[in-house]
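Each chain is listed here by its residues.
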Amino acid sequence: MINCTEIKPGQCFTWENELYQCIDIALNKTAMAKMKVKVKVKVPRTGVVKELSLISGDKVGEASIDKRSMQYLYDEGEALVFMDSETYDQIEIPKERLEWEMKFLTPNMDVNVLVYEEHEILGVSLPDKVTLELVECENAVKGDTATSALKNAVCETGLQVKVPMFIENGEKIIVSTIDGKYSSRA
């Protein structure tokens, strides 16, 4: 058990038998009252973001989340199939848990699968940036390149991004997995 004032962003903990991951924490101390702790959290099982209000002295449970290196294999319809890089065991994760991550997953890509208490699979941790190939790209309009104009493009995974005018169809680009925006050419 740890004091709620010791929670750090990114840390996982349990409170009232529920697992949370801290996104942000704000401490507010007034002269006459105990310190109020507002913790913006994400529920890893559902993806819901909410705010917890605690007071100084409240104890939360420590939660250990293991990251297992796995390779994305293929889409099986209702689920995505991953293979453990060491044991070659295959697992399936339902698509509804990976709606955002699916936009960046390509076959044979290495990712970290998040596992709680050795058996419960929470989701996938992507690298900060991934390389994707463009399958559809608008043509540049002559005279439109004087400023940093952008055009629409579609990646091999179906992700729609805005790219600079000099990028052409079939090129590989680097995309940020945090916000889904174009970063650079590959």
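Chemist: Any chance you could explain the overall build of the chain here in plain terms?
Modeler: Helix and strand counts for the chain stand at zero helices and 16 strands. Computed over its C-alpha atoms, the radius of gyration of the chain comes to 21 Å, more than 25% above the 16 Å expected for a compact globule of 186 residues. In terms of overall dimensions, the chain has C-alpha extents of about 65 × 45 × 25 Å along its principal axes. A burial count over the chain gives 37% of its 186 residues as buried. For the chain, restricting intrachain contacts to residue pairs at least 6 apart in sequence, the fraction spanning at least 24 positions comes to 43%. Within the chain, one finds 22 positive and 31 negative side-chain charges whose respective centroids are separated by 10 Å.

Chemist: What am I meant to see in the pairing of strand 6 (residues 59-62) here?
Modeler: For a regular strand, the rule is simple: side chains alternate between the two faces of the sheet. Bridge analysis of strand 1 (residues 2-3) against strand 6 gives two bridges, and the strand direction is antiparallel. If you follow I2 over to strand 6, its bridge partner there is V60.

Chemist: When you look at the confidence of the model for the chain in this model, what are you seeing that I'm missing?
Modeler: Detail in the predicted coordinates should be disregarded across regions flagged by low pLDDT. Overall, the predicted model of the chain reaches an average pLDDT of 89, with 97% of residues at or above 70. When pLDDT is averaged over each helix and strand of the chain, the minimum, 87, is found for strand 11 (residues 120-125) and the maximum, 95, for strand 15 (residues 172-176).

Chemist: It is not clear to me how the packing of aromatic side chains should be interpreted in this structure. Could you clarify?
Modeler: Any aromatic ring pair is given by two values, namely how distant the centres are and how the planes are angled relative to each other. Overall, the coordinates contain three aromatic pairs when judged by the stated rule. Seen from their ring centres, F13 and Y20 are 5.9 Å apart, and the 40° between their planes marks the pair as tilted. A relative accessible area of 0% places F13 in the buried class. Arranged with centres 5.5 Å apart and planes meeting at 55°, the rings of Y72 and F82 form a pair that is tilted. Of this pair, Y72 sits in strand 7 (residues 65-75) while F82 sits in strand 8 (residues 79-84), placing them ten residues apart in sequence. Accessibility expressed as a relative area gives 8% for Y72, which makes it buried.

Chemist: Help me understand the nonpolar core, please; the structure alone is not making it clear to me.
Modeler: When a protein is soluble and globular, its nonpolar side chains tend to lie buried together. Membership of the largest hydrophobic core comes to 27 residues, with the highest contact counts inside it found for F82, L105, V124, V161 and I173. Broken down by secondary-structure element, the contributors of at least two residues to this core are strand 7, strand 8, strand 9 (90-94), strand 10 (110-116), strand 12 (129-137), strand 13 (150-155), strand 14 (160-164) and strand 15. Broken down by element, this core gets its largest block of residues, four residues, from strand 12. Listed in part, the 15 residues of the second largest apolar core include F13, V37, V43 and L54.

Chemist: Sorry if this is basic, but what is going on with the pairing of strand 12 here?
Modeler: Direction of pairing for strand 12 relative to strand 15: antiparallel, over a ladder of five bridges. Among the inter-strand pairings, L132 is bridged to a residue of strand 15, identified as I173. In the sheet, strand 12 pairs with strand 13 via three bridges, with the strands oriented antiparallel. Looking at the pairing, C137 lines up with A153 of strand 13.

Chemist: When you look at the sheet that holds strand 16 (residues 182-185) in this model, what are you seeing that I'm missing?
Modeler: Strand pairing in a sheet is mediated by backbone hydrogen bonds. Such pairs are either parallel or antiparallel. With antiparallel pairing, five strands are arranged side by side in an open sheet as 14-13-12-15-16. The open sheet has two free edges, formed respectively by strand 14 and strand 16, since each of these has just one partner strand. Each neighbouring strand pair of the sheet contributes to a mean axis angle of 50°, computed without reference to strand direction.

Chemist: Teacher, can you tell me more about the sheet that holds strand 11 here?
Modeler: Across the sheet, which stays open at both edges, the five strands sit in the order 9-8-7-10-11 with antiparallel pairing between neighbours. A single partner strand is all that each edge strand has here, and the edge strands are strand 9 and strand 11. When the angles between neighbouring strand axes are averaged without regard to direction, this sheet yields 45°. Two elements, strand 7 and strand 8, share five bridges in a ladder whose sense is antiparallel. Considered in strand 8, the bridge of Y74 is made with V81.

Scoring rules and cut-offs
- Residues numbered from 1 in each chain as written.
- Predicted model: local features only at pLDDT ≥ 70, side-chain atom pairs only at ≥ 80, totals over all residues.
- Heavy atoms only, no water.
- Helix = DSSP H or I, 4+ residues; strand = E, 2+ residues; numbered from the N terminus.
- Rg over C-alpha atoms; globule rule 2.2 N^0.38 Å.
- Buried < 20%, exposed > 50% of the residue type's maximum accessible area, 1.4 Å probe, protein only.
- Contact = heavy atoms within 4.5 Å.
- Lys, Arg positive; Asp, Glu negative; His and termini not counted.
- Charge placed at Lys NZ, Arg CZ, Asp CG, Glu CD.
- Pairing = 2+ DSSP bridges.
- pLDDT = per-residue confidence, 0-100.
- Phe/Tyr/Trp six-rings, centres within 6.5 Å; stacked < 30°, edge-to-face > 60°.
- Core = buried A, V, L, I, M, F, W, Y, C linked by side-chain atoms within 4.5 Å.
- Axes fitted to C-alpha atoms, helices over the stretch in contact; angles between N-to-C directions.

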